[in-house]
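One-letter residues, chain by chain:
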Amino acid sequence: MKDYTGVLTRRDFLKLVGSSALAVSVVFRQSCQSVPPLTVGLQVELTGGLATYGYWHLKSARAAIEKVNQEGGIAGRPVRLVYADTETDPATGSRRMRKLILKNNADFVIGSQHSGVCLASLPVSKRFTTPYFPIGEATQITGSQGHEFVFRSNYSVKAHARSGYGWVMDNLGVNWTIIYADYAMGQSALHEWSQGLLADGGRLVDQIPVPQGTDDFGPYLKKVNTEETDVLLIVLYGPDALACIRRSYEMGLDQKMTRFGNTGSVEALDVDFPGAESLFSITNYPRRSVDVPQELQEFDREFRSRVGVDRDGKGLENGRIVDSSHYWVPWENVHFLRDAAEACDWKGKKDTTRLIKALAGVTVQGSDSHPQGNKYIREIDHQGFHAQYIQQVQDGELHVLASLPPELGEYEPTAVL
Amino acid sequence: MALISQVSFGVLNGIVWGLVLALASSGLNVIFGLLGIVNVAHGSFYMLGAFLGWFLANHIGSYWLALVIVPVLLAILGMGIEVILKPVENDISLSVLSTFGVMLALQGAALLMWGGAPKRLAVPLEYGFSLFGTGYSYYRIIVALVAILVLFVLWLLLDRTGFGLKLRAAREDSELSLAIGIPVPLVYTLGFGLGAGLAGLSGVLVAPMVSITPDMGVRIFALVFLIVIAGGLGRIWNSVLVAISFSALRGLLTVFVDPTKGIIATFVFVLLLLTVKPDFFQLGENQEPRPNGRGL
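Definitions and limits used
- Residues numbered from 1 in each chain as written.
- Chains lettered and ligands numbered in written order.
- Predicted model: local features only at pLDDT ≥ 70, side-chain atom pairs only at ≥ 80, totals over all residues.
- Heavy atoms only, no water.
- Helix = DSSP H or I, 4+ residues; strand = E, 2+ residues; numbered from the N terminus.
- Contact = heavy atoms within 4.5 Å.
- Areas by Shrake-Rupley, 256 points an atom, 1.4 Å probe, with all protein chains shown as cover.
- Lys, Arg positive; Asp, Glu negative; His and termini not counted.
- Charge placed at Lys NZ, Arg CZ, Asp CG, Glu CD.
- Rg over C-alpha atoms; globule rule 2.2 N^0.38 Å.
- Pairing = 2+ DSSP bridges.
- Salt bridge = Lys/Arg side-chain N within 4 Å of Asp/Glu carboxyl O.
- Buried < 20%, exposed > 50% of the residue type's maximum accessible area, 1.4 Å probe, protein only.
- 1 Å grid on protein atoms, 1.4 Å probe; cavity = no way out; pocket = protein on both sides within 12 Å on 5 of 7 lines; lining within 4 Å.
- Points joined across faces, edges and corners; volume = space filled by probe spheres on them.
- Core = buried A, V, L, I, M, F, W, Y, C linked by side-chain atoms within 4.5 Å.
- Buried area = accessible area lost by both parts, 1.4 Å probe.
- pLDDT = per-residue confidence, 0-100.
- Nonpolar A, V, L, I, M, F, W, Y, C, P; charged D, E, K, R; others polar.
- Axes fitted to C-alpha atoms, helices over the stretch in contact; angles between N-to-C directions.

**Q** Describe the overall build of chain A, with residues and values.
**A** Within chain A one finds twelve helices and 14 strands. Each principal axis of the C-alpha distribution contributes one length, and for chain A these read about 115 × 45 × 40 Å. Across chain A, the fraction of contacts at a sequence separation of at least 24, relative to all contacts at a separation of at least 6, is 67%. Working note: accessible area of chain A is about 16300 Å², and carbon and sulfur atoms make up 51% of it. Seen as two clouds, the 43 positive and the 50 negative side-chain charges of chain A have centres 11 Å apart.

**Q** Go over the overall build of chain B with me, naming the residues and quoting the values.
**A** In terms of regular secondary structure, chain B is built from eleven helices and two strands. In sequence order, chain B lays out its α and β elements as α-α-α-α-β-β-α-α-α-α-α-α-α. Relative to the compact-globule value of 19 Å for 296 residues, chain B shows a C-alpha radius of gyration of 19 Å, a close match. With the C-alpha coordinates aligned to their principal axes, the bounding extent of chain B is approximately 65 × 50 × 30 Å. The long-range fraction of contacts in chain B, counting pairs at least 24 apart against all pairs at least 6 apart in sequence, stands at 77%. Between the centroid of the 15 positive side chains of chain B and the centroid of its 13 negative side chains there is a distance of 8 Å.

**Q** So what's going on with the pairing of strand β14 (residues 397–404) of chain A? Which residues, and what values?
**A** Residues and elements named next belong to chain A. Bridge analysis of strand β13 (residues 388–394) against β14 gives seven bridges, and the strand direction is antiparallel. Residue pairing for β14: Gln388 is matched across the bridge by Leu404. Remark: two residues form the turn of the hairpin made by β13 and β14, two consecutive strands paired antiparallel; Asp395 in that turn has positive phi of roughly 50°.

**Q** An account of the pattern of salt bridges is needed here, citing residue identities and associated values.
**A** All names here are of chain A. This model, assessed by the stated rule, comprises 26 salt bridges over all chains. One salt bridge in this structure joins Asp300 and Arg304, with 2.9 Å as the shortest N-O distance. You can see Asp300 and its partner Arg304 sitting in helix α10 (residues 297–307), four residues apart, about one turn around the helix. Like Asp300, the residue Arg304 is buried in the burial classification. In the salt-bridge network here, residues are joined through shared partners; they are Lys67, Glu71, Arg338, Asp339 and Asp368.

**Q** Can you lay out the layout of surface pockets for me, pointing to particular residues and giving the numbers?
**A** By volume, the largest pocket is sized at about 610 Å³. If you go around the largest pocket, you meet 24 residues; those closest to its centre are Gly48(A), Gly49(A), Glu87(A), Thr88(A) and Asp215(B). Among the secondary structure elements, those contributing two or more residues to the lining of the largest pocket are α8 (238–250) of chain A together with α4 (92–114) of chain B. When residues of the lining of the largest pocket are assigned to their parent elements, the largest contribution, four residues, is made by α4(B).

**Q** Any details on the nonpolar core? Residues and values, ideally.
**A** Note that soluble globular proteins tend to have their nonpolar side chains buried in a common cluster. If you look at the biggest cluster of nonpolar residues, it comprises 140 residues, and the most contacted ones within it are Trp176(A), Ile179(A), Trp193(A), Leu221(A) and Phe260(A). Broken down by element, the residue count for this core peaks at 14 residues, all from helix α1 (residues 2–34) of chain B. Excluding residues within four positions of it along the chain, Phe260(A) makes contact with Val168(A), Leu172(A), Trp193(A), Val231(A), Leu232(A), Leu233(A), Ile234(A), Leu279(A), Phe280(A), Ser281(A), Ile282(A) and Ile390(A). Core analysis: the second largest hydrophobic core is formed by 47 residues, Leu42(A), Val68(A), Trp328(A) and Leu359(A) among them.

**Q** Before we move on, can you summarise the interface of chain B and chain A with the specific residues and values?
**A** Facing the 37 residues of chain B at the interface are 30 residues of chain A. Where chain B abuts chain A, roughly 2600 Å² becomes buried across the two surfaces, and 50% of that area is made up of carbon and sulfur atoms. At the boundary of chain B and chain A, one finds three salt bridges. The salt bridge involving Glu250(A) is made with Arg140(B); its shortest N-O contact spans 2.6 Å.

**Q** I'd like a description of the confidence of the model for chain B, backed by residues and values.
**A** Mean pLDDT over chain B works out to 88, with 94% of the residues at or above the 70 mark. This model gives residues 286–296 of chain B a pLDDT under 50, and the stretch forms 30 contacts once residues within four places in sequence are excluded.

**Q** Go over empty space enclosed by the protein, please, and point to the residues and values.
**A** Residue and element names in this part refer to chain A. This model, assessed by the stated rule, comprises five cavities of 30 Å³ or more. Computed from the structure, the largest cavity encloses a volume of approximately 160 Å³. Considering the residues around the largest cavity, the lining is formed by 13 residues, among which Gln113, Glu137, Tyr183, Met185 and Tyr237 are closest to the centre. In terms of residue class, the lining of the largest cavity is built from five nonpolar, seven polar and one charged.

**Q** Residues and numbers for the environment of Leu81(A), please.
**A** All names here are of chain A. Positionally, Leu81 belongs in strand β2 (residues 79–85). Residues Leu81 and Glu66 lie 15 residues apart in sequence; the distance between their C-alpha atoms is 9.5 Å. Every residue in contact with Leu81, bar those within four places of it in the chain, is listed here: Val40, Leu42, Leu58, Ala61, Arg62 and Ile65.

**Q** Help me get a handle on the sheet that holds strand β5 (residues 175–181) of chain A, residues and values and all.
**A** Residues and elements named next belong to chain A. Strand order across the open sheet formed by seven strands is β6-β5-β7-β8-β9-β13-β14, with mixed pairing between neighbours. Only two strands of the sheet have a single neighbouring strand rather than two, namely β6 (203–210) and β14. Direction aside, neighbouring strands of the sheet carry axes that sit 25° apart on average. Pairing between strand β9 (residues 280–283) and β13: four bridges, direction antiparallel. Residue Phe280 lies in a different strand from β13, and its bridge partner there is Gln392. Helix-sheet contacts for helix α5 (residues 157–171) involve β5, β7 (231–235), β8 (258–261), β9, β13 and β14, and the interaxial angle to β14 is about 100°.

Here's what the structure looks like:
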């Protein structure tokens, strides 16, 4: 009989392979479990009225997460991005927020640009104790409807108005007519801008509400009292803002008064057309690199390069105009999260209270993580404050005329968390 | 003086927009009123008209050429869609569902191709005149004149040619029409193309006056649908009258009240009017289209 001593039998071979496979899978599983990815959700407008913004917000969030992963992730854990389209609709937006948390296991959600979506999503964030970073600007997001899981690093409507009304009164005139989008954001802006104006002795000549999706601005602009108005304040965004700017030019209003737009009025808009010339506006961040403050130039270069934006604020891939007032927000929010999670040694949901403490009251300096510049998130209501810029359309381009410091936008908090 | 300025602006502006609405609603009335196809995608042809007008004007360098080409392209697209929808066009529920799908597809295609940012087409005629102190563009006057001209041609086509007669005959009794040699399927296809082309033309005409977005067709569809219903299905000149009077009235009311309230007041007024006197816009004729080809 043949001696099989020292020879691997088929049975032994199968046992060996089976046990090896089991061992490898256990080890692999354990190693995976030791560094599970951290999931950041992005609630974004990829379709609907704010699709222009959503395009850039997705690019910005992707670029930020790619950078963070290259730098070692968050506390050694890789980061993954999941996103959901709100369709610029509050009901859909809050439903997708729930999906991000429950189905995609998002640990945090960076939120929508649309205030209505943000307001509808606030209860979802609270119910599932998920930190939420909305970008929408309605004051009540960090005011009457805010809660401990909500952080807004960018300005609210109220902060915009506080920051800008003095400059407009000093430089453009004290008799205003405000034409505004007749929904939460516009009504909020009307209230805040006119409050500042009236408190400092200015006069609100008229207020003209306009429904969203208005094609013909003629009847609305015809209501403007051209004899008594110094400044036409345009609180509109997207197609409505463009239609209003063009028609006001066609009707000759640009010759009779100064037109001043809120942050949304020229966002992602090509301003190289006759009707836009001489229009003033307020913005969170300069569109053109040349207007970025000297001390932030290096960070701005890195940021634009990673997101894919050229020095004039156009996409490197397709020439699309960037929403310069807001596209830095997803980028900075990812970095806010990283720094806070590492500072409090965040491991999971159970550490959320520690994360909230780490974020509340945080102050950051301009850096590659925060290219927009210095800012702070107020501890009492989790509202962020940062610099603002006054710009004007000259020769078809936006030029920054003045910079407004973060503290100028400060206001009494309406919520105490 | 201020009142004269307000009233003249309101009425003139209302008539110009009314004529644009009249063009778009005539297109829907051909498709829905004459052919009986509930075309929910009608607003999408208007939207595509604006987008293609913008695209072609920027690429070939002539808006006026785009104004001629785009309606033809959209008429061809409309005919293609009608051929695909033929099996369901006689079933109201199915035609609503399928044209709703077409609307979503066309809207999605526009978003995919041109993005969500509002597009702006330069006004081809920068000059304007002063209407009691308020600037008004000559281009808007041209829009009104083009609309009047096209509506006149449409009247000739539908009321004075064999095609118009065949269009109504095909709807009235398709079997009898086939029996006497009218190519009913072809007539339907051409009629649908005509309606789509009219919507496309109104889209190109308004392109330099509005912000061009993928959802602009949805907004106008509701208004155009209402105009067609108020004017009477198949009664094209009634819907033209409704469009112009509705828009002019709205313009006039905005002089005295907030423009948004003016729109609501106009809707309420038209509703009340139709409740009290349903045949108010019927130009003194019978409700039913006359089978002899007259009285559209």
